[in-house]
Amino acid sequence: MSFFRVSREPLAPAKLAQELAHPACGGYVSFEGWVRNHQDGRGVTRLAYEVYHPLAMTEADAVLREALERFDVVDVAAVHAEGPLEIGGLAVWVGAVAHHRAEAFDACRYVIDEIKVRLPIWKKEFYSDGDSGWVNCESSAERDPA
Amino acid sequence: MSFFRVSREPLAPAKLAQELAHPACGGYVSFEGWVRNHQDGRGVTRLAYEVYHPLAMTEADAVLREALERFDVVDVAAVHAEGPLEIGGLAVWVGAVAHHRAEAFDACRYVIDEIKVRLPIWKKEFYSDGDSGWVNCESSAERDPA
Amino acid sequence: MQLTVRYFAIYRDATGIDQEQVEAPVATPAELFENRLATYPGLERFEAARVAVNDEMVPWEHPLKDGDQVLFFPPVAGG
Amino acid sequence: MQLTVRYFAIYRDATGIDQEQVEAPVATPAELFENRLATYPGLERFEAARVAVNDEMVPWEHPLKDGDQVLFFPPVAGG
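A brief structural summary. Quick caveat, the model's predicted, so the values are computed rather than measured.

## With respect to the overall build of chain C
Piece 1. When you go through chain C residue by residue, the secondary structure sums to two helices and five strands.
Piece 2. Its helices and strands taken in sequence order, chain C reads β-α-β-α-β-β-β from the N to the C terminus.
Piece 3. What you see for chain C is a C-alpha radius of gyration of 11 Å, in line with the 12 Å of a compact globule of 79 residues.
Piece 4. Viewed in the frame of its principal axes, chain C has a C-alpha envelope of about 35 × 25 × 20 Å.
Piece 5. Out of the 79 residues in chain C, the part that is buried amounts to 49%.
Piece 6. Sequence separation of 24 or more characterises 50% of the internal contacts of chain C that already satisfy a separation of 6 or more.
Piece 7. Separation between the mean location of the 6 positive side-chain charges and that of the 13 negative ones in chain C comes to 3 Å.

Here is the structure:
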């Protein structure tokens, strides 16, 4: 039931929520990561995600399985965007359904926290000054030219 | 910016999220309470919410203001359904946007927790055996007929 | 004391009315509730029941004034 | 040892290639990275960089075998 996908098409949270919906489940918690117009004080105009699919799938499946084991949820799922995104675009969606909302909150948070640090996904930002850069990959040499 | 509404029309979370969207905000967390087909072991076929508007609005405004004060969020909002709902219908939506997702999770959770206990809203359930009852209002006499 | 009393949810079911005008020798909502219970035996003072006067939540021992509108709220169940 | 090496994100930018076949006297991904650094000075061994061999995450000191496919992952930034 739980699913993870990488999508080059715009994510549609309402449809995704429907996939998780279950007549026995009262509580649905979702996280959406929207593309911001700034990062570390710099203006961002757009960005692009690169995903290494084979390991992203393996790792995401592990994360979802862990969430189902650790929390009393009925289902969890996530979708991550790939390719170019505009400001306000949806980079990632995570949904969790549970009988009790506290478990849905915890599971949703766990999944997004783990996705951000474990999946082989890279984000390239394009700045308003024309520059661009891979997030979390700033060179120490560039950072400290002295 | 933050808003609370009572709605007799079906709630549309995607549209509500758009109302909260802000180009500077990366993290959106939402809670949706869906009508379940069971409660305390009884089959539920539908339900109806009654809302006392004047105090629901006052109390919801207080809850949202508290959330904005306690958590580092950019905006929070909530909508509650009124009147009849079918199984799977959306009873309540809460959304929070923040620069950092942890704050959005905390604020969203705070708002739904408080809404459930503080707002003058009552839920009448209709059971599959033809009976009906107001949730949390089971008479102690009925509960323990001996 | 002349009061307006409003009933919600299960209290409306128990009384069969939305609201009524009451002339009663009561000083607080708690006393008013007991007074109404004599008329409507189906009312129940749930532990989680609350009371508002003139659209403000108040304690059950809040002093009532002539002309107040008293709202009896059975236990809520939003969300 | 004959190896396939794949570069992602900033490592692709630094090398200008997606992947290459490498014949190199190395025993671990850590040594392979140093070896590739000699060819591509733009590579940087970030603290959060990771390595996978044949689509499994491994430690930098994982023993390599002939024919392995080595994936160099710069620090990730999903979500």
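After presenting the structure, the write-up continues.
## Topic: the interface of chain B and chain A
Piece 1. Contacts between the two partners involve 31 residues from chain B, matched on the other side by 32 residues from chain A.
Piece 2. Of all residues in chain B, W34(B), R101(B) and F105(B) give up the largest surface area on contact with chain A, accounting jointly for 28% of the area buried on that side.
Piece 3. The tally of links from chain B across to chain A stands at four salt bridges.
Piece 4. For D106(A), the salt bridge identified is with R109(B), shortest N-O distance 3.0 Å.
Piece 5. In this structure, the connection of chain B to chain A is made through 13 residue pairs in polar contact (both at pLDDT 80 or more).
Piece 6. Of all elements in the fold, only β2 (27–34) and α3 (101–118) of chain B reach the threshold of two or more residues within the side of chain B that touches chain A.
Piece 7. Of the residues forming the side of chain B that touches chain A, the biggest block, nine residues, is contributed by α3(B).

## Here we look at α3(B)
Piece 1. Spanning 18 residues, α3(B) covers 26 Å between terminal C-alpha atoms, matching the ideal 26 Å at 1.5 Å per step.
Piece 2. Buried within α3(B) are the following residues: A104(B), F105(B), A107(B), C108(B), Y110(B), V111(B), I112(B), E114(B) and I115(B).

## With respect to the pattern of salt bridges
Piece 1. Under the defined criterion, the tally for this structure stands at 28 salt bridges over all chains.
Piece 2. We note a salt bridge from R5(A) to E19(A), for which the minimum N-O separation is 2.6 Å. Placement of R5(A) in strand β1 (residues 3–7) and of E19(A) in helix α1 (residues 13–20) is noted, with a sequence separation of 14 residues between them.
Piece 3. Note on E19(A): relative accessible area 43%, which makes it partly exposed.
Piece 4. For D68(C), the salt bridge is made with K65(C), and the minimal N-O distance between the two is 3.4 Å.
Piece 5. Residue D68(C) is classed as buried on the basis of its relative accessible area of 2%.
Piece 6. What emerges from the salt-bridge pattern is a single network uniting E59(A), E66(A), E114(A) and R118(A).

## Things to note about the interface of chain B and chain C
Piece 1. On the chain C side, the residues contacting the 23 residues of chain B number 21 residues.
Piece 2. Summing both sides of the interface, chain B and chain C together bury roughly 1800 Å²; the carbon and sulfur share of this comes to 57%.
Piece 3. Ranking the residues of chain B by area buried against chain C places Y52(B), L55(B) and W122(B) at the top, with a combined share of 32%.
Piece 4. At the surface where chain B touches chain C, the tally comes to two salt bridges.
Piece 5. Among the ionic pairs, E50(B) bridges to R12(C), the shortest N-O distance being 2.4 Å.
Piece 6. Between chain B and chain C we count 10 residue pairs in polar contact (both at pLDDT 80 or more) in total.

Conventions adopted
Residues numbered from 1 in each chain as written. Chains lettered and ligands numbered in written order. Predicted model: local features only at pLDDT ≥ 70, side-chain atom pairs only at ≥ 80, totals over all residues. Heavy atoms only, no water. Helix = DSSP H or I, 4+ residues; strand = E, 2+ residues; numbered from the N terminus. Rg over C-alpha atoms; globule rule 2.2 N^0.38 Å. Buried < 20%, exposed > 50% of the residue type's maximum accessible area, 1.4 Å probe, protein only. Contact = heavy atoms within 4.5 Å. Lys, Arg positive; Asp, Glu negative; His and termini not counted. Charge placed at Lys NZ, Arg CZ, Asp CG, Glu CD. Buried area = accessible area lost by both parts, 1.4 Å probe. Salt bridge = Lys/Arg side-chain N within 4 Å of Asp/Glu carboxyl O. Polar contact = N/O pair within 3.5 Å; in protein donor to acceptor, adjacent residues only side chain to side chain. Expected span 1.5 Å × (residues − 1).

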